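Below, each chain spelled out in residue letters.
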Amino acid sequence: MRDVAIAKSEFVADQKAVTKVQGFHNDEVLFDYCTLPEILEYTECFTGPNIMAMHTMLINKPPDPGTKSSRHPMHQDLYYFPFRPAEKIVCSWTAMEKVNRENGCLVVLPGTHKGPLMQHDYPEWEGGVNKMYHGVRDYSPDHPRVHLEMEAGDTVFFHPILIHGSGMNRTKGFRKAISCHYAASDCHYIDVTGTVQEKIATEVEDVAKRKLGKDVQIAYQDLWTLKARSVKGDRINL
């Protein structure tokens with residue numbers, strides 16, 4: 001999937017740029033990140049002893065071409081997840097190099113993890129937005145923000161309802177980070193039909209059908225079951 005920030009330029013004429021690797025569960029080198037004792041020590045405080053890796057990302061945020069398209073809209077991660085309870089889900093996000101406001105650090109709205117899951121949709125940005133980069137609608141622009149400037153190796157853990165995003169990368173280099181969303185294996189799947197999550201579920205299912213064949217019948221939660229991987233303890237529901 002092409003990043004809109006580099007849709008017309010790869011920055012190096014004879015090379016292709018990779019801006020994100022999602023679902024690296026089966027790459028044993030990258031998956032080592034998910035099993036680090038230093039990460040799991042804190043993860044287990046949220047999930048308990050039976051831990052699943054549900055979503056993984058290696059992020060290589062590209063320089064902005066001047067259209068502000070390297071931004072990530074403010075969103076809640078739970079919007080993408082068809083499993084509950086939210087209190088047993090946590091994200092670890094680790095800076096692989098110095099991350100600051102110049103190269104597009106994370107920005108969070110403190111306290112929003114105590115609120116509801118909100119309606120999301122594609123933001124109406126002139127420079128475009130990446131596929132499936134839905135953003136929260138109708139959050140208060142006056143809500144206090146915190147920009148998470150980090151050194152290489154710094155890690156932040158956050159709740160799946162916390163509203164967060166990232167700004168433009170104003171530098172000439174790519175900004176690198178790695179993350180994993182964990183959940184307790186005794187979490188349960190839910191039917192998102194008729195909820196604020198139905199739109200993203202339909203979009204993901206449509207992409208899966210284009211890749212696997214239109215006659216393949218696969219549900220949203222099935223896609224999550226297929227890519228989930230046990231990290232520690234017993235695999236119960238997920």
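Right above here is the structure, for reference.
Residues numbered from 1 in each chain as written. Predicted model: local features only at pLDDT ≥ 70, side-chain atom pairs only at ≥ 80, totals over all residues. Heavy atoms only, no water.

Just to check I follow, could you spell out the packing of aromatic side chains for this structure?
The relation between two aromatic rings is expressed through the spacing of the ring centres and the mutual angle of the planes. Summed over all chains, the structure comprises seven aromatic pairs. Taken together, a centroid distance of 5.1 Å and an interplanar angle of 10° make the contact between F81 and F83 stacked. When sorted by exposure, F81 lands in the same class as F83, which is buried. On the numbers, 5.7 Å between centres and 75° between planes, the contact of F83 with W224 is edge-to-face. Taken together, the residues F83 in strand β4 (residues 83–84) and W224 in helix α4 (residues 220–227) connect sequence positions 141 residues apart. You can call F83 buried: its relative accessible area is 0%. Look at W224 and you get buried, because its relative accessible area is 6%. What links up through ring pairs into an aromatic cluster is the set F81, F83, Y189, Y220 and W224. When the ring centre of W224 is taken as reference, the NZ or CZ atom of K227 above it lies at 4.0 Å. Over the ring of F31 we find R229; its NZ or CZ atom is 3.9 Å from the centre of that ring. (Phe/Tyr/Trp six-rings, centres within 6.5 Å; stacked < 30°, edge-to-face > 60°. Buried < 20%, exposed > 50% of the residue type's maximum accessible area, 1.4 Å probe, protein only. Helix = DSSP H or I, 4+ residues; strand = E, 2+ residues; numbered from the N terminus. Lys NZ or Arg CZ within 6 Å of the ring centre and 35° of its normal.)

Any chance you could explain the sheet that holds strand β6 (residues 106–108) here in plain terms?
Hydrogen bonds between backbone atoms are what pair the strands of a sheet, whose relative direction is either parallel or antiparallel. Taken together, the four strands give an open sheet; going across it, the order is β3-β11-β6-β9, and neighbouring strands pair in antiparallel fashion. Looking at the sheet topology across the chains shown, the edges are occupied by β3 (72–75) and β9 (146–148). Taking each pair of neighbouring strands and ignoring which way they run, the sheet shows an average axis angle of 20°. Examined bridge by bridge, β3 and strand β11 (residues 164–166) share two bridges and lie antiparallel to one another. What sits directly across from H75, in β11, is H164. (Pairing = 2+ DSSP bridges. Axes fitted to C-alpha atoms, helices over the stretch in contact; angles between N-to-C directions.)

Looking at this structure, how should I read the pattern of salt bridges?
Side-chain pairs of opposite charge can arise whenever the charged atoms involved come near each other. By the definition in use, this model includes six salt bridges. Between K88 and D186 there is a salt bridge, with the nearest N and O atoms lying 3.2 Å from each other. Of this pair, K88 sits in the loop between β4 and β5 (89–95) while D186 sits in the loop between β12 (175–184) and β13 (188–189), and the two are 98 residues apart along the sequence. The exposure class assigned to K88 is partly exposed, which follows from its relative accessible area of 29%. Residue class for D186 comes out partly exposed when judged on its relative accessible area of 36%. Between D121 and R137 there is a salt bridge; the shortest N-O distance is 3.9 Å. Taken together, the residues D121 in strand β7 (residues 120–121) and R137 in the loop between β8 (135–136) and β9 connect sequence positions 16 residues apart. Connected through shared salt-bridge partners, D121, R137 and K199 make up one network. (Salt bridge = Lys/Arg side-chain N within 4 Å of Asp/Glu carboxyl O.)

How should the environment of L212 be read in this particular structure?
Along the chain, L212 turns up in helix α3 (residues 198–212). A relative accessible area of 52% places L212 in the exposed class. Along the chain, L212 and T155 lie 57 residues apart, while their C-alpha atoms are 36 Å from each other.

Help me understand unusual backbone geometry, please; the structure alone is not making it clear to me.
Of all residues except glycine, most have a negative phi; of all peptide bonds, most are trans. A cis amide bond links R84 with the next residue in sequence, P85, at an omega value of 5°. Within the secondary structure, P85 sits in the loop between β4 and β5. Its identity as a non-glycine residue notwithstanding, D138 has a phi of 70°, on the positive side. Structurally, the position occupied by D138 is in the loop between β8 and β9.

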